[in-house]
Structures are given as structure tokens and as C-alpha cells.
Amino acid sequence: MNGAAETIKTTYREAVRQGLHDALRRDQRVFLMGEDVGHYGGCYAVSKGFIQEFGPERIRDTPLSELAFTGIGIGAAMGGMRPIVEIMTVNFSLLALDQIMNNAATLLHMSGGLFNVPLVIRMATGAGRQLAAQHAHSLEGWYAHIPGIKVLTPATLEDARGMLWTALEDPDPVLIFENQTLYPLEGELPVTAGPVEIDHAQVMRGGSDVSIITYSASLYKALAAAESLAAEGISAEVIDLRTLRPLDDDTIMASVAKTRRALVVDEGWRSGGISAEISARIMEQAFYELDAPVERICSVEVPMPYARHMELAALPQAEAIVAAVKRMVPTHG
Amino acid sequence: MKKKPPQPTTDQEHWIRLLRQMLLIRRFEEKCAELYSATKIRGFLHLYIGEEAVSVGVMAALTPVDAVVATYREHGQALARGVSPGALMAEMYGKQEGCCRGRGGSMHIFDAATRFYGGNAIVGGSIPLAVGLALADKMQGRQRVSCCFFGDGAVAEGAFHESMNIASLWKLPVLFVCENNLYAMGSALRYTQAVTDLAAKGAGYAVQSEAVDGMDVLAVESAARKAVDSVRGGNGPCFLECRTYRFRAHSMFDAELYRTKEEVEEWKKRDPILQLSASLRAQEALADADFEQMESEVAREVDDAIAFAEAGTWEPVDDLTRFVYSERRTG
């Protein structure tokens with residue numbers, strides 16, 4: 001990217017909105033479908049005003065029928081459209097899990113390659129807004145278990161803006177998880193911002209002592225931790241995975257080969273989570289590069305509590321990342 | 001000298017074609033059962049025998065541009081739609097010449113040429129796909145019908161109710177066809193539905209609904225034509241409940257403890273093939289010799305399908321992970 005490119009101050013919410021707006025203008029086959037995307041303007045206001053601009057056919061309010069409207073998105077995709085299905089919150093996506101797993105992820109293979117499903121499903125994920133145990137989990141790692149779909153977790157404004165179009169161009173189902181705490185995030189975005197590739201992780205901060213591997217909202221906690229570690233003379237590299245399926249092993253292993261230590265930070269639960277997968281891959285592919293066991297900071301294994309102090313305690317925090325890195329990296333002389 | 005039989009009318013010629021289709025399904029599936037016992041076909045095998053009039057009658061009302069979404073008991077639906085018997089049999093053999101290269105098997109038959117969108121083994125799970133196909137047609141201004149088949153068991157699933165509501169709300173061109181064979185696997189309708197008149201459920205969604213004798217192919221076709229005309233005319237979805245009966249067990253592992261032999265025998269008296277052939281004979285549109293000739297043609301067609309499957313080849317294991325993702329980069 002041209003470093004001199006003109007930028008504007010904007011938010012993650014606005015970047016998601018721009019990506020949607022761009023897609024709806026680029027391709028008449030694209031339409032947005034979900035609960036309250038139209039007249040309400042989107043639960044997170046990302047589609048505010050769209051129904052006036054694009055009409056109710058393309059900004060399609062659905063009944064509270066996650067299973068059916070996700071399946072309808074699959075059918076419409078096979079019928080030549082490019083649907084964007086919005087599921088309000090990741091916990092609600094469990095009502096549509098049958099369609100995602102048994103149809104979207106499976107039809108191409110079951111049909112011996114006859115029918116692909118060019119569908120995009122967006123959903124809000126993650127905790128941090130005191131929404132308790134049915135609105136605030138991080139299940140993107142679960143979804144990353146399923147062959148046949150791709151799982152994107154935009155953390156930056158560039159990715160919030162640019163991943164959607166690339167996902168729409170993909171011939172297969174793509175799930176995009178937007179951490180709900182990120183919507184108000186402010187930052188600079190080039191005025192020329194557009195589609196981004198979705199195949200690679202990105203090194204967000206270079207370092208030499210430890211690789212902190214993370215994604216989505218935890219990226220900012222990792223960057224904050226790296227900043228305070230730097231003040232103590234520890235150089236942490238921070239990797240934004242961006243895409244959880246397929247994982248970019250090359251970027252992870254190249255970083256670990258350099259730093260010789262890896263810490264995975266994941267807002268999902270520890271047992272059987274994506275952090276376990278990443279840790280296993282490092283063991284399989286870079287065991288002899290390691291100077292210390294891989295460590296993980298994950299959410300505590302409880303349903304997400306409501307009370308603020310309890311919710312904060314349940315989630316990975318920058319302080320815990322700093323403490324873990326200090327355990328892993330020998331004290332500097 | 002024998003009186004020369006009258007030439008069949010256009011209608012009678014059409015009915016003879018329907019009879020032949022039902023007979024093909026029947027004989028094809030009887031062979032499937034034998035091939036299952038011979039371990040040529042494995043996995044689950046759900047036979048449609050007894051229910052042939054439903055798919056043959058409904059498919060007669062559809063055109064090639066329409067889409068079909070099927071159940072896991074879909075050999076009859078596939079054959080009636082025009083899927084090649086050879087490709088279907090090879091699929092059940094697990095051969096790469098099968099319509100899905102052996103990836104799907106009996107419960108997952110797909111065919112692009114006939115717009116046959118599967119064979120789905122999650123009861124009710126395929127209904128939203130038909131609604132989505134219909135939505136794509138409506139948004140792209142095409143006058144096509146999406147027809148989904150499902151059983152009485154699926155009527156208890158949320159997918160059915162959510163789909164009926166949305167299809168009606170958005171006036172989508174969907175034909176919902178319920179094959180009510182009275183049993184959700186082994187659970188009788190009276191043990192699974194508070195209201196056993198399934199067609200009555202359409203009213204709750206303002207969906208035009210009709211119940212029809214699913215053992216009478218002509219009645220099914222007539223009701224389906226009326227429904228398809230209405231759907232294609234832009235009047236929103238229709239719901240057709242076809243009251244039918246499966247003569248064979250649910251699958252090859254079913255001891256049939258949940259129904260009596262007398263009940264099965266009673267329904268067999270209404271065999272759709274016997275009924276139509278008797279009617280055509282009574283009309284002197286079908287002589288015994290004609291029927292025998294039809295039997296031998298159908299037998300040859302089934303034998304050809306089996307020979308095709310036998311001659312098929314196994315997909316190389318190196319190809320195992322193909323078709324998880326598309327091989328072309330953009331969709």
C-alpha cells in the first residue's frame with residue numbers, strides 16, 4: 001500500500017458498512033438478508049439507510065427464522081444470486097447450524113462437484129458488552145473445524161472494509177465474524193481502500209523474542225501487551241491470523257522460527273479450540289525451532305457471565321498476555 | 001378374427017408413459033434390494049416402493065427449467081425427474097461414474113442437467129433450499145417453479161414451518177409436496193402430530209393447500225398441474241399433501257414392529273401400478289402383451305443400469321479431498 005495514500009478517520013462499523021455498500025453497488029446479484037437489516041437499519045446500524053437506497057428486495061428483512069433464511073441463502077446462491085446472510089449474533093447461528101454444516105459446507109462434496117454454494121454469512125461475535133451467556137460467545141473456532149467453509153475474522157478497518165467483496169467472489173461459503181466490541185473502533189482508512197486478499201495472516205508488529213498469535217478483538221490486547229513488553233525490553237511479534245480456515249501455517253511457522261516462542265491468544269474456550277489447533281500445528285511443524293512450550297491465553301471455561309468484573313475476568317486481557325510472555329522469555333541480563 | 005384394438009388416445013398414451021415410469025422405479029428398486037443383500041450397495045437404502053405415483057405424478061406437471069429438491073428416499077424422485085438410471089445405480093455402487101462420483105450414495109443423488117438439487121438426509125433440511133432457489137428465480141425475473149419433496153416426518157420440523165411462512169410472505173414460486181406415508185420412520189402420524197390433517201397446516205401460512213390420493217397417479221398429476229400453474233402464475237407457493245404408503249420397510253434394517261401385515265396388505269390393494277394398469281386395461285388401451293413388452297423393456301433398462309454400475313471404476317483415493325472447495329477460484 002502506498003504510504004502516502006490519503007486517509008480518512010472512520011470506524012470499524014463504517015468500514016463494514018462501506019464494504020456492504022460497495023458490494024451492493026458492484027453486483028446486482030448481491031443482496032443482504034437477515035433480521036432487522038432493513039427497516040431497523042441493522043442491529044449494529046451497519047445497514048442504516050440501505051433499504052431506502054437499494055429497496056426492500058435487496059435489503060431483505062426476514063422473520064426470526066435463522067434456520068430457514070440461512071438455508072434460503074444457500075438455495076439463492078445455488079440459483080445464481082450472491083446473498084449476504086446476516087445473523088445477528090453468533091449464538092443465534094446455532095439455530096442455523098444444520099444449514100451451515102449439513103448443507104452449505106457439504107453440498108459441493110456430496111454432489112461430486114456439481115453444486116457450489118457462493119454464500120457469505122456475516123455475524124457478530126464475542127464478549128465484552130455484558131450481554132451474558134447467550135449473546136457473547138466466540139464460536140468462530142468451532143466453525144473453523146468444518147471443511148467446506150472459510151472462516152474470516154476481520155480485526156482491522158482495512159479487513160472490515162475489504163474482506164466482504166473477496167468473500168463474495170469466492171465460489172464457496174464464507175463466514176465472516178465481526179467482534180461486536182470492534183464496531184466503535186476508530187482509525188484511519190485510506191480513501192482508496194478496497195478488497196483485500198483473505199489467504200494470509202499478517203504480521204502487525206515485528207519482534208524477535210516471542211510470537212503472539214491472535215485474531216479479531218484480541219489483536220488489540222496483544223498489541224497493547226507488546227507495547228508494554230517493549231518498555232521492559234522484550235520484543236514481541238504480533239500476528240493477526242485474519243482467516244481461521246484455512247490457517248496460514250507459513251506465516252505462523254516463519255515467525256516462530258524467528259522468535260522461537262509462541263503464545264496463542266484466543267477469545268474462544270481453551271478445550272478443543274482453535275488455539276489448540278494452532279499449538280498442535282506448531283508442535284508438528286516447528287517443534288525443533290522452539291525454545292519454550294507453546295502457551296495459550298483463552299477465555300475461562302464458563303458460560304459468559306453478565307457482571308462486568310466477572311466478564312473481564314473471563315476474557316483474555318493484556319495483563320495476562322504480558323505475564324505469560326514474561327514466563328516464557330528469559331529475563332534479560 | 002379378433003377385433004383390432006382401438007388406437008390409444010393422446011391422454012392414454014400419456015398415462016401409459018406414467019405407468020412405464022412407475023414400473024421402472026418399482027423394478028429398479030426391487031433390484032436395489034437384491035443388490036443390497038448382495039452387498040453391492042451399502043450404507044442406508046430407503047425404498048420408495050408403493051409411493052411411485054407421487055413423484056411420477058408431480059414430475060409430469062413440472063418442466064425442465066424447474067428445480068427439484070428431494071428427500072433421502074429419492075430414487076423414485078430422481079428417476080421420475082429423468083436422472084439416468086445408470087448414473088443413479090453407479091452412485092449407489094459408489095463408483096466414480098455415479099451421478100455424484102460416489103460421494104453421495106443412495107441418500108444424496110444430485111444431477112445438474114435435470115436441476116435435481118439432492119437427495120438430503122436431514123429431514124426437512126432441504127426445504128429452505130427450494131425456497132432459496134425460488135427467491136433467486138423471483139429476483140432474476142425467471143418464471144420457474146422450485147418443487148421440494150418431503151415426508152410427513154418433516155412437517156414436525158421447524159424448517160417446514162419457517163419455510164412455509166417465508167415462501168408465503170414473499171410470494172415465492174415454491175411447490176411444497178408432502179409425501180405422507182403415515183410413518184416418520186417407525187412413528188405413526190398419530191404419535192407425532194397433534195393435527196394429522198397435514199394439508200390443514202397450510203392455512204396457518206395462507207398457503208393454498210390440497211390433499212390428494214397419493215396412490216392415484218392421475219389424481220396426483222391433476223392436482224400438481226393445478227398447483228404448478230398457480231405457482232408459476234405468481235400467486236405464491238402451494239402445498240400438496242399426497243397420501244401414500246410405503247410397502248417396504250423404512251430401510252434395510254427395519255423389523256417393522258410398528259405396523260401390522262394386514263395394514264400393509266390393505267394398502268397394497270391400492271398399488272398405484274396395479275390401479276393404473278387395470279384402468280388402462282379396462283379402457284382397452286393396454287393389452288397384456290403391451291404390458292409384458294413394457295416389463296421386458298423396463299427389465300432391460302434396469303439390467304443396463306446395473307451393467308453400467310458394474311463396469312464402473314473406483315475413484316482414485318488421491319482424489320479424496322477434491323470437491324471440499326471449488327477447483328475454480330471465483331464463483
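In this text, all values refer to a predicted model and were calculated from it rather than measured experimentally.

Participant: Can you lay out the overall build of chain A for me, pointing to particular residues and giving the numbers?
Facilitator: Within chain A, the regular secondary structure consists of 12 helices and 14 strands. At 20 Å, chain A has a C-alpha radius of gyration in line with the 20 Å of a compact globule built from 333 residues. Dimensions along the principal axes, computed over C-alpha positions, put chain A at roughly 65 × 45 × 45 Å. Considering chain A as a whole, with its 333 residues, one finds that 61% of them fall into the buried category. Look at the contacts in chain A between residues 6 or more apart in sequence, and 83% of them connect residues 24 or more apart. Across chain A, the mean location of the 27 positive side-chain charges is 2 Å away from that of the 41 negative side-chain charges.

Participant: Describe in detail the pattern of salt bridges, supporting the description with residues and values.
Facilitator: Tallying each qualifying case throughout the model produces 42 salt bridges over all chains. Across the pair Asp319 of chain B and Arg322 of chain B runs a salt bridge whose closest N-O atoms are separated by 3.7 Å. Salt bridges here are not isolated pairs; linked through shared partners, they connect Asp22, Arg26 and Arg161 of chain A.

Participant: Tell me what's going on with the packing of helix α9 (residues 249-259) of chain A against helix α10 (residues 274-286) of chain A, and back it up with residues and numbers.
Facilitator: Residue and element names in this part refer to chain A. Taken N-terminus to C-terminus, the directions of α9 and α10 make an angle of 65°; their axes are 10 Å apart at the nearest point. Considering their axes alone, α9 and α10 lie roughly perpendicular with respect to each other. Between α9 and α10 the crossing geometry is right-handed. Here Asp249, Ile252, Met253 and Val256 of α9 lie close against α10, whose contacting residues are Ile278, Arg281, Ile282, Gln285 and Ala286. Its residues placed into classes, the contact of α9 with α10 shows six nonpolar, one polar and two charged.

Participant: Which residues make up unusual backbone geometry, and what are the values?
Facilitator: For the peptide bond that leads from Arg245 of chain A to Pro246 of chain A, omega is -5°, which places it in the cis range. In this fold, Pro246 of chain A is placed in the loop between β12 (243-245) and α9. A positive phi angle, near 70°, is found at Arg260 of chain A, a position not held by glycine. Along the polypeptide, Arg260 of chain A turns up in the loop between α9 and β13 (262-269). Within the chain, Leu182 of chain B stands out as a residue other than glycine whose phi angle is a positive 80°. Within the secondary structure, Leu182 of chain B sits in the loop between β3 (174-180) and β4 (183-184). On the accessibility criterion, Leu182 of chain B (27% relative accessible area) is partly exposed.

Participant: Tell me what's going on with helix α10 (residues 272-282) of chain B, and back it up with residues and numbers.
Facilitator: Residues and elements named next belong to chain B. Within the sequence span of α10, burial applies to Pro272, Ile273, Leu276, Ser277 and Leu280. Each buried residue of α10 lies within a common arc of 120° when the element is viewed along its axis, so the set occupies one face. For α10, exposure combined with an orientation more than 90 degrees from the buried face picks out Leu274 and Ala282. The inward-facing, buried residues of α10 abut α1 (10-37), α2 (52-61), α8 (217-232) and α11 (288-311).

Participant: Break down the sheet that holds strand β7 (residues 238-243) of chain B for me, with residues and values.
Facilitator: Residue and element names in this part refer to chain B. With parallel pairing, five strands are arranged side by side in an open sheet as β1-β2-β3-β7-β6. Each having just a single partner strand, β1 (67-69) and β6 (208-213) make up the two edges of the open sheet. Pairs of neighbouring strands in the sheet enclose a mean axial angle of 20°, with direction left out of account. Inspection of the sheet shows β6 paired to β7 by six bridges, in the parallel sense. The residue bridging Asp213 from the neighbouring strand is Arg243, located in β7. The sheet strands contacting helix α5 (residues 127-139) are β1, β2 (146-151) and β3, and the helix crosses β2 at an angle near 170°.

Participant: Describe the packing of aromatic side chains, naming the residues involved and giving the relevant values.
Facilitator: Using the criterion set out here, one finds 16 aromatic pairs over all chains in the structure. With 4.7 Å between their ring centres and 25° between their planes, Tyr44 of chain A and Tyr183 of chain A make a pair best called stacked. A residue pair is termed long-range when its members are at least 10 positions apart, and Tyr44 of chain A in the loop between β2 (30-34) and α2 (50-54) and Tyr183 of chain A in the loop between β7 (174-179) and β8 (186-190) qualify at 139 residues. In this pair, the class of Tyr44 of chain A matches that of Tyr183 of chain A, namely buried. Geometrically, the ring pair formed by Tyr183 of chain B and Tyr258 of chain B is tilted, given 5.2 Å between the ring centres and 50° between the ring planes. Of this pair, Tyr183 of chain B sits in strand β4 while Tyr258 of chain B sits in the loop between β7 and α9 (261-268), placing them 75 residues apart in sequence.

Participant: Outline the interface of chain A and chain B, listing residues and values.
Facilitator: The partner chain B presents 41 residues to the 48 residues of chain A that form the contact. Counting across the interface, chain A meets chain B through zero salt bridges. For the side of chain A that touches chain B, the secondary structure elements donating two or more residues are β2, β3 (59-61), α3 (66-78), α4 (97-104) and α5 (107-110) of chain A. Tallying contributions element by element places α3 of chain A first for the side of chain A that touches chain B, with 10 residues.

The rules behind the values
- Throughout this description, residue numbers start from 1 for each chain and increase along the sequence as written.
- Think of it this way: whatever chain is written first is A, whatever ligand is written first is 1, and the rest follow in order.
- Only residues with pLDDT of at least 70 get local features here, since the model is predicted, and only at 80 or more are side-chain atom pairs given and counted; chain-wide, interface and lining totals rely on the full set of residues.
- Note: side-chain values were computed over all heavy atoms of the structure, leaving out hydrogens and water.
- Numbering of helices and strands runs from the N terminus; a helix is a DSSP stretch of H or I covering at least four residues, while a strand is a stretch of E covering at least two.
- Only C-alpha atoms enter the radius of gyration; for comparison, a globular chain is expected to reach 2.2 Å times N to the power 0.38, where N is the number of residues.
- Here the term buried applies to any residue with accessible area under 20% of the maximum for its type, exposed to any over 50%, and partly exposed to those in between, with areas from a 1.4 Å probe on protein chains only.
- Contacts: residue pairs with any heavy atoms within 4.5 Å of one another.
- The charge count includes Lys and Arg as positive and Asp and Glu as negative, but it does not include His or the ends of the chains.
- For the purpose of locating charges, the reference atoms are NZ of Lys, CZ of Arg, CG of Asp and CD of Glu.
- Salt bridges are defined by distance alone: a side-chain nitrogen of Lys or Arg within 4 Å of a carboxyl oxygen of Asp or Glu.
- Note on method: axes are straight lines fitted to C-alpha atoms, helices fitted across the in-contact stretch only, with angles between N-to-C directions ranging 0 to 180 degrees.
- Here is the rule for angles: anything less than 35 degrees is roughly parallel, anything more than 145 is roughly antiparallel, 65 through 115 is roughly perpendicular, and the remaining ranges are oblique.
- By definition, any crossing whose near helix is turned counterclockwise from its far helix by less than a right angle is left-handed, and any crossing with a clockwise turn is right-handed.
- In the scheme used here, Gly and all other residues not listed as nonpolar or charged are polar, with Ala, Val, Leu, Ile, Met, Phe, Trp, Tyr, Cys and Pro taken as nonpolar and Asp, Glu, Lys and Arg as charged.
- The arc in question is formed by the directions pointing from the helix axis toward the C-beta atoms.
- At least two DSSP bridges between two strands are required for those strands to pair.
- For Phe, Tyr and Trp, where Trp contributes only its six-membered ring, two rings pair if their centres lie within 6.5 Å, and the inter-plane angle classes them as stacked under 30 degrees, edge-to-face over 60, or tilted in between.

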